[in-house]
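Next come the chains, spelled out residue by residue.
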Amino acid sequence: MRRALVILTCTAALVTACGTSEPAGESTGTGPAKVNAGVIAIVDTAPIHLGKAKGFFTEQGIDLTITPVAGGAASVSGVVSGQFQFAFGNTTSLLTAKQQGLDVKVVANGVSSTGEQGEDFSAVLVKPDSPIRTAKDLAGKKISVNQLKNIGDTTVRASVRKAGGDPSGIEFVELPFPDAPAALQSDRVDAIWVVEPFVSQAISQGARPVAWNFADAAPDLTVAMYFTTGRTDADLTRRFTAAMRRSLEYADGHPDEVREVLRTYTKIAPEVIAQIKLPKWPVEVNRASVQTIADLALADGVLQDEVDVSELVP
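Residues numbered from 1 in each chain as written. Predicted model: local features only at pLDDT ≥ 70, side-chain atom pairs only at ≥ 80, totals over all residues. Heavy atoms only, no water.

Student: Just checking my understanding: could you explain the packing of aromatic side chains for this structure?
Tutor: By convention here, two paired aromatic rings are described through the distance between centres and the angle between planes. Applying the stated rule across the entire model yields nine aromatic pairs. Pairwise contacts between aromatic rings join F57, F86, F88, Y226 and F240 into one cluster. (Phe/Tyr/Trp six-rings, centres within 6.5 Å; stacked < 30°, edge-to-face > 60°.)

And the structure:
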């Protein structure tokens with residue numbers, strides 16, 4: 001999920017450009033519709049890769065190209081500018097885009113927390129000899145997140161509150177996920193927030209989990225979703241959604257095949273793929289959890305105004 005949790009910034013020039021793009025991806029009637037989807041090459045996006053390999057998109061008359069993107073900002077800007085017809089973006093980035101007035105709408109679930117303490121794909125970790133024993137002890141500490149003012153710091157604060165601590169004094173440090181375990185070992189930070197495969201990597205190096213922030217923030221948290229714009233052909237959107245829903249269902253029920261497909265589009269070592277904790281891929285978006293993230297983000301100042309979640313997730 002590295003950089004998936006990237007808060008959106010969109011300049012006035014981009015917003016202007018977004019409004020001038022024409023709908024794309026419509027079938028010409030002579031063959032399948034060519035669709036370009038902007039997708040981060042991480043564990044979370046295994047279903048779309050698995051669905052393509054299984055032919056689920058072909059069955060819907062879609063010739064799918066999966067284009068790797070750096071993170072949420074690239075996904076949103078790519079869709080609103082017409083580069084992609086569909087893309088994968090984390091919940092906070094999409095809420096931010098909607099707050100900024102961008103034309104984005106969710107078409108399918110993306111990835112969800114398992115909701116299980118100790119068995120999730122996101123965690124806050126400390127050194128084995130750290131005096132920090134629980135999430136409450138994170139209050140006032142220096143914690144790394146991959147992007148400031150996004151789903152990471154929002155959910156870490158939720159963990160601290162749930163444990164009875166005051167998160168207001170936490171100092172968040174922006175640090176890419178791959179660099180976080182080393183930063184912890186060298187005492188540059190007191191704790192790190194990471195997702196798989198970096199959770200398993202850090203634990204193998206001796207790190208100790210003190211909070212499972214996604215599981216703490218909301219039951220069965222919807223972490224990210226697939227989205228498009230209102231300009232995309234309605235029938236194409238329907239067919240993409242159908243293929244994506246089947247892909248999610250298949251991935252959720254076939255973890256061994258998920259681990260196999262991870263070898264085809266990520267650089268995660270095979271021995272790590274074998275031990276990482278996989279997320280959940282339910283077909284339905286948990287709208288209540290999206291609302292919870294919107295409320296937390298507003299309270300923490302990540303969002304400046306209330307967002308009507310029903311406009312983002314129909």
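Student: What should I look at first to understand the sheet that holds strand β7 (residues 171-174) in this one?
Tutor: Each strand in a sheet pairs with its neighbour through backbone hydrogen bonds, running either in the same direction (parallel) or in the opposite one (antiparallel). Pairing within the open sheet is mixed, and its five strands lie in the order β7-β6-β8-β5-β9. Two strands in the sheet have a free side with no partner beyond their single neighbour: β7 and β9 (208-211). When strand polarity is set aside, the average angle formed by the axes of neighbouring strands in this sheet is 35°. (Pairing = 2+ DSSP bridges. Helix = DSSP H or I, 4+ residues; strand = E, 2+ residues; numbered from the N terminus. Axes fitted to C-alpha atoms, helices over the stretch in contact; angles between N-to-C directions.)

Student: Whenever I open this one, the packing of helix α2 (residues 46-54) against helix α10 (residues 234-253) confuses me. Can you help?
Tutor: For any two helices packed against each other, the geometry comes down to the angle between their axes and how far apart the axes lie. The N-to-C vectors of α2 and α10 enclose an angle of 105°; their axes lie 8 Å apart at closest approach. If you check the angle between α2 and α10, you find them roughly perpendicular. Two secondary-structure elements touch here, α2 through P47, I48, L50, G51 and K54 and α10 through F240, M244, S247, L248, Y250 and A251. A breakdown of the residues in the contact of α2 with α10 according to their chemical character gives eight nonpolar, two polar and one charged. (Parallel < 35°, antiparallel > 145°, perpendicular 65-115°, else oblique. Contact = heavy atoms within 4.5 Å. Nonpolar A, V, L, I, M, F, W, Y, C, P; charged D, E, K, R; others polar.)

Student: Would you mind going over the pattern of salt bridges with me for this structure?
Tutor: Opposite charge on two side chains makes pairing possible when the charged atoms of those side chains draw close. For the structure on display, the rule yields 12 salt bridges. Across the pair D63 and K34 runs a salt bridge whose closest N-O atoms are separated by 3.0 Å. Taken as a pair, D63 in strand β2 (residues 62-68) and K34 in strand β1 (residues 33-39) lie far apart in primary sequence, 29 residues in all. The exposure class of D63 is partly exposed, given its relative accessible area of 32%. Here the salt bridges share partners, and the residues they tie into one network are R157, R161 and D300. (Salt bridge = Lys/Arg side-chain N within 4 Å of Asp/Glu carboxyl O. Buried < 20%, exposed > 50% of the residue type's maximum accessible area, 1.4 Å probe, protein only.)

Student: In this structure, what is going on with the side chain of S122? I would like to understand it.
Tutor: Of note, S122 is situated in strand β5 (residues 122-126). For S122, a relative accessible area of 0% puts it in the buried group. There is a polar contact of 2.7 Å between the side chain of S122 and the side chain of W193. Within the structure, the side chain of S122 is placed 2.8 Å from the side chain of N213, a separation counted as a polar contact. Once you skip the residues sitting within four places of it in the chain, S122 turns out to touch W193, V194, V195, V199, W212, N213 and F214. (Polar contact = N/O pair within 3.5 Å; in protein donor to acceptor, adjacent residues only side chain to side chain.)

Student: Looking at this structure, how should I read the nonpolar core?
Tutor: The nonpolar side chains of soluble globular proteins are, as a tendency, buried together. In this structure, I48 and F240 are the most contacted members of the largest nonpolar core, which totals 105 residues. Broken down by element, the residue count for this core peaks at seven residues, all from α10. Those residues in contact with F240 that sit more than four places away from it in its chain are I48, F57, I62, L64, F86, V107 and Y226. (Core = buried A, V, L, I, M, F, W, Y, C linked by side-chain atoms within 4.5 Å.)

Student: Sorry if this is basic, but what is going on with the confidence of the model for the protein chain here?
Tutor: Interpretation of this model should avoid reading the predicted coordinates in detail wherever pLDDT is low. Averaged over every residue, the pLDDT of the protein chain is 90; residues scoring 70 or more account for 91%. In this model residues 1-24 is a low-confidence stretch, pLDDT under 50, and it forms 73 contacts with partners more than four residues away in sequence or in other chains. (pLDDT = per-residue confidence, 0-100.)

Student: What should I look at first to understand helix α13 (residues 287-300) in this one?
Tutor: Every α-helix winds through 3.6 residues per turn, so residues three or four apart in the chain are directed the same way. The end-to-end C-alpha separation of α13 is 20 Å, in line with the 20 Å expected for 14 residues at 1.5 Å each. All buried positions along α13 are accounted for by S289, V290, I293, A294, L296, A297 and D300. Around the axis of α13, the buried residues are gathered within 170° of arc, so they sit on the same side. In α13, the exposed residues that point more than 90 degrees away from the buried face are A288 and A299. Buried residues along α13 sit in contact with α5 (91-99), α6 (151-162), β10 (222-228) and α14 (309-312). (Expected span 1.5 Å × (residues − 1). Arc of directions from axis to C-beta.)

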